[in-house]
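# Commentary on secondary and tertiary structure
Given next are the chains, with one letter for each unit.
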Amino acid sequence: MAAPMLRWGCRGRRWALACVDGGSCHRRGAPTGSTSNRIRGQSSVAQQPLHTAQKPRKGEHKWAAVVGLEIHAQISSNSKLFSGSQVRFSAPPNSLVSFFDASLPGTLPVLNRRCVEAAVMTGLALNCHINKKSLFDRKHYFYADLPAGYQITQHRLPIAVNGSLTYGISAGKECGQVIPKMVRVKQIQLEQDSGKSLHDDLRSQTLIDLNRAEGQLRVDANISVHHPGEPLGVRTEVKNLNSIRFLAKAIDYEIQRQISELENGGEILNETRSFHEKLGCTVSMRDKEAKQDYRFMPEPNLPPLLLYDATSLPTGADPQQVINIDQIRETLPELPSVTRERLVQQYGMLPEHSFTLLNEVGLLEFFQNVMKETRAEPKKVTSWVLNIFLGYLKQENLAVSESPVTPSALAELLDLLDSRTISSSAAKQVFEELWKREGKTPGQIVSEKQLELMQDRGALEQFCYSVMKDHPQVVMDVKKGNPRAINKLIGLVRKATLNRADPAVIKEILEKQLSS
Amino acid sequence: MLGLISPGQNGQITPTELCQKCLSLIKKTKFLNAYITVSEEVALKQAEESEKRYKNGQSLGDLDGIPIAVKDNFSTSGIETTCASNMLKGYVPPYNATVVQKLLDQGALLMGKTNLDEFAMGSGSTDGVFGPVKNPWSYSKQYREKRKQNPHSESGDSDWLITGGSSGGSAAAVSAFTCYAALGSDTGGSTRNPAAHCGLVGFKPSYGLVSRHGLIPLVNSMDVPGILTRYVDDAAIVLGVLAGHDPKDSTTVPINKPLVLSSLEDVSKLCIGIPKEYLVPELSSEIQCLWSRAADLFESEGAKVIEVSLPHTSYSIVCYHVLCTSEVASNMARFDGLQYGHRCDIDVSTEAMYAATRREGFNDVVRGRILSGNFFLLKENYENYFVKAQKVRRLIANDFVNAFNSGVDVLLTPTTLSEAVPYLEFIKEDNRTRSAQDDIFTQAVNMAGLPAVNIPIALSNQGLPIGLQFIGRAFCDQQLLTVAKWFEKQVQFPVIQLQELVDNCSAILENEKLASVSLKQ
């Protein structure tokens, strides 16, 4: 237990959802099981505009939804937040549990420096105000996987507050347009994670694993709806959402459910709900229906957490004993928004492409490595990395690091394409061969499969001549002025050359022959 | 009269012989109920190792081969640690509390784990699951002779006296010569109170000076390991071993120089403060008189004695009650029957199991405090009780700061309202009432985190010990003990005479200062 957790609270943001026909699912009546992409886009946190300016149809009420997220993210550290025991993914149950983690009487928490640094870094990255003094509190509740009967968290005075995160959403009919948005971050707090309960319904037993260190991201979403200009509605909390997709679905569903409930004369209860992944709906968590009073109390075993900056650093302080905010700021890596901006500037990339490159772990690095080794245009490289390469990865559910195609191989392939040694369809064929991991270079594949473009103009002219001779009707069509007919001839010539000819060259020859 | 004898006067003794003497005394005084667990085998083995070290001339220091006892709320690796509660019966910790480890590292012999009020909640050592502790002074020659003179006193054992508490087992263990020093814990006076009733030095160090790691908590923000010895010098030796930063307790501070107790020859530069609010109507006239005489003593020797005011004193006990029970409610939450300790047989639901386990595991006192504490921590009550109590706590701490800033070096107060009372008298009032009475002079010190020590001053008309409390500035423990040592030397408190009880067996231990125990090489 006690894996270090960072908890972010995103301040409730509100957006208007208009009840209009067609474009919106927020009609009167019961929510349907599925929601359209349009609505998911609107209500999910990453993409929802603060105010969608849709005009309500006359006589219909406008609804606004308010969503606040509590995001639990595990800190990547070697040991736990308050004990020296390790954090390791998929370790055997209860194999990384110190006496403190098991809450043996008399044990005391000792704060992990690395976790504090990570929290400060996160706070800086999210434009937060870093509190130079923060406090720890105990939050009490009885649960089998909470062996101390309380969780150590930062309730009163957290380590960072008042931040913001800017992001972009694709919008408009073309979807090519990225609209910048901002979400406010209320606070970031260091928090001990509770244990994991494994319910064995068959034997009606619950097994407890106090290792922690799994479930790297967990989100609780607080949702309410109201009419703009009126007081906020009663909120519900959807607990334990563990993927962005389910988070979006749960919020969508919950907004619709609440609107529908209210429009049908019902009321919203302040309750905890869970998201049923298979049914795509939220359900009330009956066992937690009774309102919890967490009886917060200061954690007496941890002194206030004091942080320093260059101006407040006590002279002669042991660097091992103090944490310097300015020093951490210097070690901040380039933030995603800056990287995206750089990609757009440097490569003339579309903003939405810069988002995709950054959203996939390792993809940016892959792209940059290809760029280093190829003569191909950035636009071409972007297109290949985002369409073909990413497409293959997604199809096989692989991470970038698991890719069978190396950046060097793709770079070589793109060079062959760039030098017009092969056609773009041949290039796709080569890529498919590369994906088979047979250890061949693109050059080898091209020569083995004879995929080079025909460089012999005389031979190509011969192919064109034969095709025209065999298809007099099509030739007639061209001559009659049908602009598409020439494409048919090009296709026939390409087929005759086993796709080894450059369509542009074919077109040029055909046009010359037709006009002669 | 102080009992200082030259080393080796009674002949030199080996650690094993000394250990066996103490073990035999523990058996003879078993009826005192001072020990919950006697770790005979462990102690003998440690004695054997100590003996080897002495033979090789590799003694580890003052504590090598010295029998000690530890209150049963300090975790001891491999030795049952119960807190005198059903909840922890059979619980054997896998680790040593830092203070225990430090004593063992110095070669001390662990004789056993001493009795207490359940989870240290009490002031009589009467409310533990293993029964009350009897005060060795009930059987002293001094007390028996006085009783004979009183025609109304009953004969027999029925009016034995309480030790005070909650570290009564540790106090009885030292008082009955079964060990030289014992660890107590002090949250509101639990070390100083039984020390006063048993005629011992009971020292509560500054909060943060001694590690709490391994001490099963009562109130984390006030708990401090306490030291019970017969003499101030001995307490200082033990403190010297225990004090210092512990990486496992983030509230401890580093100490820059070792603790050395010098003899104070001249008190003329000393300023003793007498807090006027500590003169309460409930204070026994005998103690009041001794308190006044002690002040006179300082004055006659040249010290400046002034009256000081600690204006928030009267709010202290109720404030202590709110903060104490709140932390208790929190600290006791881990005892749910799942990981360790008692678990009931009920398995209809987890909640039912929790409820029954806690009902069976905790006594009424513990359950009552958990209930109060949870009430104070409720969202609707938190501001009105907990936060308010914290503010009052700050005012109380500031009272002390102001007194010390006015030039006072040490405060002198009574430790208890009266001498030890008979058990049958004591249990006429409930635990809460008794704690409120008995902690009256002691708990404010815990709220302020200051060092304080009980020094026995004289015997009452009944032949029972009376002690006074010295309170020092935060982290000025050494100065405090230096003054206490001077006072100890002046008052020449008599040694308990238990010859009848233990057949001269204690002759070798009696009058023996830990510092002057002469172990055979």
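The name given to chain B in an unreviewed UniProt entry is Glutamyl-tRNA(Gln) amidotransferase subunit A, mitochondrial, with Callithrix jacchus as the source organism. UniProt's Subunit (unreviewed entry) comment on chain B is quoted here verbatim: "Subunit of the heterotrimeric GatCAB amidotransferase (AdT) complex, composed of A (QRSL1), B (GATB) and C (GATC) subunits." Under the heading Function (unreviewed entry), UniProt records this for chain B: "Allows the formation of correctly charged Gln-tRNA(Gln) through the transamidation of misacylated Glu-tRNA(Gln) in the mitochondria. The reaction takes place in the presence of glutamine and ATP through an activated gamma-phospho-Glu-tRNA(Gln)."

Naming follows an unreviewed UniProt entry, where chain A appears as Glutamyl-tRNA(Gln) amidotransferase subunit B, mitochondrial of Callithrix jacchus. You can read under Subunit (unreviewed entry) in the UniProt record for chain A the words "Subunit of the heterotrimeric GatCAB amidotransferase (AdT) complex, composed of A (QRSL1), B (GATB) and C (GATC) subunits."

## Thoughts on the sheet that holds strand 2 (residues 67–71) of chain B
Residue and element names in this part refer to chain B. With mixed pairing, 11 strands are arranged side by side in an open sheet as 1-3-2-4-6-5-10-11-9-7-8. Two strands lie at the open edges of the sheet, namely strand 1 (35–38) and strand 8 (304–308), each paired on one side alone. Across the sheet, the axes of successive neighbouring strands diverge by a mean angle of 30 degrees, strand direction being ignored. Pairing of strand 9 (residues 410–414) with strand 11 (residues 465–472), which is carried by 5 bridges, proceeds in the antiparallel orientation. Bridging across to strand 11, Thr413 finds its partner in Gln469. Running over the sheet, helix 1 (residues 15–28) touches strand 1, strand 2 and strand 3 (109–114) and is turned about 15 degrees from strand 3.

## Here we look at the sheet that holds strand 6 (residues 150–153) of chain A
Residue and element names in this part refer to chain A. Reading across from one edge, 6-5-15 is the order of the 3 strands in this open sheet, with antiparallel pairing throughout. This sheet does not close on itself; its edge strands, each paired only once, are strand 6 and strand 15 (297–298). Pairing analysis gives 2 bridges linking strand 5 (residues 137–140) to strand 15, with the strands arranged antiparallel. If you follow Asp137 over to strand 15, its bridge partner there is Pro298.

## So, the packing of aromatic side chains
For the structure shown, the criterion picks out 30 aromatic pairs over all chains. On the basis of an interplanar angle of 25 degrees and a centroid distance of 5.5 Å, the ring pair of A:Phe99 and B:Tyr95 is categorised as stacked. In this pair, A:Phe99 is assigned in the loop between strand 2 (63–74) and helix 2 (113–125) and B:Tyr95 in the loop between strand 2 and helix 3 (98–105), connecting two distinct chains. Look at A:Phe99 and you get partly exposed, because its relative accessible area is 39%. Joined through ring pairs, the aromatic side chains of A:Phe366, A:Trp384, A:Phe389, A:Tyr392, A:Phe431 and A:Trp435 make up one cluster. The residue whose ring lies beneath A:Lys139 is A:Tyr294, and the NZ or CZ to ring-centre distance is 4.3 Å.

## Overview of the UniProt feature "domain: Asn/Gln amidotransferase" (unreviewed entry) in chain A
Sites flagged by UniProt as "domain: Asn/Gln amidotransferase" (unreviewed entry) map to residues 365–514 of chain A. Annotated as residues 365–514 of chain A, this span is 70% helix and 0% strand, and its ends, taken at the C-alpha atoms, are 49 Å apart.

## Describing helix 9 (residues 407–418) of chain A
An α-helical turn contains 3.6 residues, so any two residues separated by three or four positions project in the same direction. Residue and element names in this part refer to chain A. A rise of 1.5 Å per residue sets the reference length of helix 9, with its 12 residues, at 16 Å; its end C-alpha atoms lie 16 Å apart and thus fit the reference within 8%. For helix 9, the buried fraction is high: 9 of the 12 residues fall into the buried class. Note on helix 9: the residue one or two positions beyond its end, Arg420, has a positive phi of about 60 degrees.

## Re the packing of helix 12 (residues 457–470) of chain A against helix 14 (residues 485–496) of chain A
Residue and element names in this part refer to chain A. Packing of helix 12 against helix 14 brings their axes to within 9 Å, and their N-to-C directions diverge by 125 degrees. Taken together, helix 12 and helix 14 sit at an angle that is classed as oblique. Every pair of crossing elements has a handedness; the one defined by helix 12 and helix 14 is right-handed. From helix 12, Leu460, Phe463, Cys464 and Val467 reach across to helix 14, where they touch Leu489, Leu492, Val493 and Ala496. Residue composition of the contact of helix 12 with helix 14, by class: 8 nonpolar, no polar and no charged.

## Here we look at the packing of helix 7 (residues 363–373) of chain A against helix 8 (residues 378–395) of chain A
Residue and element names in this part refer to chain A. Contact geometry of helix 7 with helix 8 gives a least axis separation of 10 Å together with a crossing angle of 135 degrees. Taken together, helix 7 and helix 8 sit at an angle that is classed as oblique. Note that helix 7 runs across helix 8; the crossing there is right-handed. Judged by residue contacts, Leu363, Phe366, Phe367, Val370 and Met371 of helix 7 engage Pro378, Val381, Thr382, Val385, Leu386, Phe389 and Leu390 from helix 8. Of the residues in the contact of helix 7 with helix 8, the class split is 11 nonpolar, 1 polar and no charged.

## Describing the UniProt feature "domain: Amidase" (unreviewed entry) in chain B
When the UniProt feature table is mapped onto this chain, "domain: Amidase" (unreviewed entry) is found at residues 20–140 and 162–481 of chain B. A helix fraction of 43% and a strand fraction of 15% characterise residues 162–481 of chain B, whose end C-alpha atoms lie 27 Å from each other.

## Let's talk about the nonpolar core
All names here are of chain B. Grouped together as the largest cluster of nonpolar side chains are 119 residues, with contacts concentrated most on Phe119, Ile272, Phe298, Phe400, Phe470 and Phe487. Per element, the largest residue contribution to this core is 9 residues, and it comes from helix 12 (residues 379–405). Here Phe487 is in contact with Ala294, Leu297, Phe298, Ile455, Ile457, Leu468 and Phe470, once residues within four sequence places are set aside. Ranked by size, the runner-up nonpolar core spans 42 residues in total, among them Leu109, Ala173, Leu464 and Ile496.

## As for the interface of chain A and chain B
Chain A puts 29 residues into the contact, and the matching count from chain B is 38 residues. Where chain A abuts chain B, roughly 2700 Å² becomes buried across the two surfaces, and 58% of that area is made up of carbon and sulfur atoms. For the interface between chain A and chain B, the tally reads 0 salt bridges. Along the contact surface separating chain A from chain B lie 18 residue pairs in polar contact (both at pLDDT 80 or more). When residues of the side of chain A that touches chain B are traced back to their parent elements, those giving at least two are strand 5 and strand 15 of chain A. Split into classes, the residues belonging to the side of chain A that touches chain B amount to 20 nonpolar, 6 polar and 3 charged.

## What about the environment of B:Pro217?
Mapped onto the fold, B:Pro217 is located in the loop between strand 5 (201–204) and strand 6 (224–229). Residues B:Pro217 and B:Asn73 lie 144 residues apart in sequence; the distance between their C-alpha atoms is 8.1 Å. Discounting chain neighbours no more than four positions away, the residues touching B:Pro217 are A:Gly106, B:Asp223, B:Asn331 and B:Met332.

## Some words on the side chain of B:Ser316
On the secondary structure map, B:Ser316 appears in helix 9 (residues 313–331). Discounting residues that sit within four places of it in the chain, B:Ser316 has contacts with B:Ile396, B:Gln443, B:Ala444 and B:Met447.

## Details of the pattern of salt bridges
Going through the model one piece at a time under the given rule, you end up with 34 salt bridges over all chains. Between A:Arg156 and A:Asp137 there is a salt bridge whose closest N-O contact spans 2.4 Å. Of this pair, A:Arg156 sits in the loop between strand 6 and strand 7 (160–171) while A:Asp137 sits in strand 5, placing them 19 residues apart in sequence. On the basis of relative accessibility, which here comes to 1%, the residue A:Asp137 falls in the buried class. Residue B:Asp233 is joined to B:Lys485 by a salt bridge in which the shortest nitrogen-to-oxygen separation is 3.2 Å. Within this pair, whereas B:Asp233 is found in helix 7 (residues 232–242), its partner B:Lys485 is found in helix 16 (residues 477–491), the two being separated by 252 residues in sequence. No difference in accessibility class separates B:Asp233 from B:Lys485, as the two residues are buried. In the salt-bridge network here, residues are joined through shared partners; they are A:Glu254, A:Arg257, A:Glu271 and A:Arg273.

The rules behind these values
Each residue is numbered by its place in its chain's sequence as written, counting from 1. Chain labels run from A onward and ligand labels from 1 onward, assigned in the order the entries are written. Whole-chain, interface and lining totals are the exception, using all residues; otherwise, since this is a predicted model, local features are given only for residues with pLDDT of at least 70 and side-chain atom pairs are given and counted only at 80 or more. Just so you know, side-chain values use all the structure's heavy atoms and leave hydrogens and water out. UniProt positions are given in the numbering used here, feature names are shortened, and annotations may be inferred rather than shown by experiment. For two strands to be treated as a pair, DSSP must find no fewer than two bridges joining them. Secondary structure elements are taken from DSSP: a helix is a run of H or I of four residues or more, a strand is a run of E of two residues or more, and numbering for both begins at the N terminus. Lines fitted to the C-alpha atoms define the axes, with helices restricted to the stretch that makes contact. Angles between their N-to-C directions range from 0 to 180 degrees. Pairs of residues are marked as contacts when any of their non-hydrogen atoms sit within 4.5 Å. When two rings of Phe, Tyr or Trp (its six-membered ring) have centres within 6.5 Å they constitute a pair, described as stacked for plane angles under 30 degrees, edge-to-face for angles over 60, and tilted for the intermediate range. Note on exposure labels: buried denotes an accessible area under 20% of the residue type's maximum, exposed denotes more than 50%, and partly exposed covers the range between, all computed with a 1.4 Å probe on protein chains only. For a ring to carry a charge above it, either NZ of a lysine or CZ of an arginine must fall within 6 Å of the ring centroid while also lying within 35 degrees of the normal to the ring plane. A helix is expected to span 1.5 Å for every residue after the first. Orientation labels follow simple angle bins: below 35 degrees gives roughly parallel, above 145 gives roughly antiparallel, 65 to 115 gives roughly perpendicular, and whatever is left gives oblique. We call a crossing left-handed when the near helix sits turned anticlockwise from the far one by less than a right angle, and right-handed when that turn is clockwise. When residue character is reported, Ala, Val, Leu, Ile, Met, Phe, Trp, Tyr, Cys and Pro are called nonpolar, Asp, Glu, Lys and Arg charged, and the others, Gly included, polar. Residue types Ala, Val, Leu, Ile, Met, Phe, Trp, Tyr and Cys, when buried and joined through side-chain atoms within 4.5 Å, form a set referred to as a nonpolar core. Here the quantity called buried area is the accessible surface, traced with a 1.4 Å probe, that two parts lose on coming together, added over both. Salt bridge, as used here, is a side-chain nitrogen of Lys or Arg placed within 4 Å of a carboxyl oxygen of Asp or Glu. Any pair of nitrogen or oxygen atoms within 3.5 Å is treated as a polar contact; in protein, a donor-acceptor pairing is required on top of that, and neighbouring residues in sequence qualify only through side-chain atoms on both sides.

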